[in-house]
Amino acid sequence: MRLGLAFVLVCLTVFVLEFVECQKESRTVKNVAKGKKQNIGKKVKPAIKKTKSKPKVKKVSVKVPSRILIMTHLSEKGRFRKPSDTLVVPAGERLVLRCKGNHISWAYPSYLDEDDEGRFSITHRERFSQLTVVNSTAADTGEYRCWALDCDTETCRKDDSKTGSTYVFFTDPRELFVPTNDYYEAIQLRTDRPTRLPCQVTNPLAKVSLHREFPPEVIPVNGKLITFDVKKGFIIHKALPLFAGTVYCVASYQGLMQSSTKYLLIFTNYPSAPPLAKIKASSNSVSVGENFNLTCTALGEIDIEVDFTWEFPGEQLGRPAYTRESQESVYVDGQLRQLSQSVLLVDEGRPVDNGLYKCVAQNLQGKTTVSTHVKVLPRTSPGQT
Ligand SMILES: *[C@@H]1O[C@H](CO)[C@@H](O)[C@H](O)[C@H]1NC(C)=O
Ligand SMILES: *[C@@H]1O[C@H](CO)[C@@H](O)[C@H](O)[C@H]1NC(C)=O
């Protein structure tokens, strides 16, 4: 344990100067660990002293990045190196990634979980975890991530400062798109967030364009409304009804041209937030036999449907619930909004109607619940006193 801590300290210090240096150091410490234990202290201590005695180094150590990259990959030369943001590996070759730490979690393309031919493995060792993909295919293309877990005897917590990731393209001269199981995919074109068309390529050098099926045309990708990300596919930043319909991507590279899965874009007007509801009773205190009602209102965006549901004291006793719903457009602060409302009518109040009235207003984004009390008082007639 102590060795590990000291090693991290050495690494932290040296990390600023040179990551590769740290790698070397790691190897030295490991070699020593195999041999004589007493040497470890000697090797580590001078490095710490250095930081203390030299104010210059101290200044540098302030700049130590809060993130420690813990991932390395096995390069062609058979050495473990820090991977760049993207790696390009010809399909068929082996990918070996390692992450330093004694508790490591991984994220990788979900396709690998379906592998049952033993091409994919993760092995945990004392000081690192290793992910291996052999006989790789274009479908293994995607992001590979790892992070360290801080574990005590009971639980583990993600240590956000120690992570690593790289995006690996497994290039296949016959597959320009990462294969998927679907020939056709329906995607909601939501107004409240960007839409992704996941036509991911296996080769970062492939040229990719976006096409509409009918009328057949190329959809201009101007870098504003629609952008292309080589790791993600096309991103539609603003959903417009005119983008709805069937679209697909076309990739070309070295004379080969291929089409992606088709995407059916369904325009969906999404609210930006759950409805803001309010509730009001015609009276919060009524006498037995009196009619009363409760009004639940939600002010929101135009053309956004709001569903109202009610919970009230007489519900279980089978008191009938009459509701009346309506919508109207109103101007609020110069903006056109939609006022949705539901009125719960209670005829001839009874003692069982006494209690809490709850209104739940819901739209595609979520719901809000509001409530109020209604007291049903015994009838007070002059004759009964
Ligand atoms: C990888 O491919 C080689 C050659 O085709 C084959 O002999 C081997 O069994 C494969 N390994 C796995 C784990 O699929
Ligand atoms: C609700 O009750 C108030 C007060 O009794 C009444 O004026 C109003 O018309 C009622 N609303 C509906 C929709 O019946």
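Up top is the structure these notes are about.
Since the model is a prediction, treat every value here as computed from it, not as a measurement.

Parameters and conventions
Residues numbered from 1 in each chain as written. Chains lettered and ligands numbered in written order. Predicted model: local features only at pLDDT ≥ 70, side-chain atom pairs only at ≥ 80, totals over all residues. Heavy atoms only, no water. Pairing = 2+ DSSP bridges. Helix = DSSP H or I, 4+ residues; strand = E, 2+ residues; numbered from the N terminus. 1 Å grid on protein atoms, 1.4 Å probe; cavity = no way out; pocket = protein on both sides within 12 Å on 5 of 7 lines; lining within 4 Å. Points joined across faces, edges and corners; volume = space filled by probe spheres on them. Domains from an automatic or database assignment. Near = heavy atom within 4 Å. Polar contact = N/O pair within 3.5 Å; in protein donor to acceptor, adjacent residues only side chain to side chain. Nonpolar A, V, L, I, M, F, W, Y, C, P; charged D, E, K, R; others polar. Phe/Tyr/Trp six-rings, centres within 6.5 Å; stacked < 30°, edge-to-face > 60°. Buried < 20%, exposed > 50% of the residue type's maximum accessible area, 1.4 Å probe, protein only.

As paired strands, strand 7 (residues 120-124) and strand 8 (residues 128-133) are joined by five bridges and run antiparallel to one another. Within strand 8, the residue paired with Ser121 across the bridge is Thr132. Linking strand 7 back to strand 8 in an antiparallel pair, the connection comprises three residues.

This part is about the layout of surface pockets. One simple way to see leftover space: roll a probe sized like a water molecule over the atoms. Considered as a void within the structure, the second largest pocket measures approximately 660 Å³ in volume. Taken together, 26 residues form the lining of the second largest pocket, with Pro109, Ser110, Thr141, Arg196 and Gln200 sitting closest to its centre. Elements with a contribution of two residues or more to the lining of the second largest pocket: strand 9 (142-151), strand 11 (184-190) and strand 18 (256-268). With three residues, strand 9 is the single largest residue contributor to the lining of the second largest pocket. Viewed by domain, the lining of the second largest pocket spans two of them, domain 1 (68-171) and domain 2 (184-268), each represented by three or more residues.

Time to look at the site of ligand 1. With respect to spatial proximity, the complete set of residues near ligand 1 consists of Glu117, Gly118, Arg119, Val134 and Asn135. Note that an oxygen atom of ligand 1 is positioned 2.2 Å from one of the side-chain N or O atoms of Asn135.

Further remarks concern empty space enclosed by the protein. Enumeration over the complete set of coordinates arrives at two cavities of 30 Å³ or more. Size it by volume and the largest cavity reaches roughly 40 Å³. Forming the walls of the largest cavity are Phe312, Arg319, Pro320, Ala321, Tyr322, Leu344, Leu345, Val346 and Asp353. No other element matches the three residues that strand 24 (residues 335-346) contributes to the lining of the largest cavity. Classifying every residue of the lining of the largest cavity gives seven nonpolar, no polar and two charged.

Note on aromatic pairs: each is described by the distance of the centres and the angle between the planes. All told, the structure shown has five aromatic pairs when counted by the stated rule. Their ring planes at 85° and their centres at 6.0 Å tell us that Phe292 and Tyr357 sit as a pair that is edge-to-face. A residue pair is termed long-range when its members are at least 10 positions apart, and Phe292 in strand 21 (residues 292-300) and Tyr357 in strand 25 (residues 355-363) qualify at 65 residues. Residue class for Tyr357 comes out buried when judged on its relative accessible area of 0%. An angle of 10° between the planes, with centres 6.4 Å apart, marks the rings of Phe312 and Tyr357 as stacked. Separated by 45 residues along the polypeptide, Phe312 in the loop between strand 22 (307-311) and strand 23 (322-332) and Tyr357 in strand 25 bring together distant segments of the chain.

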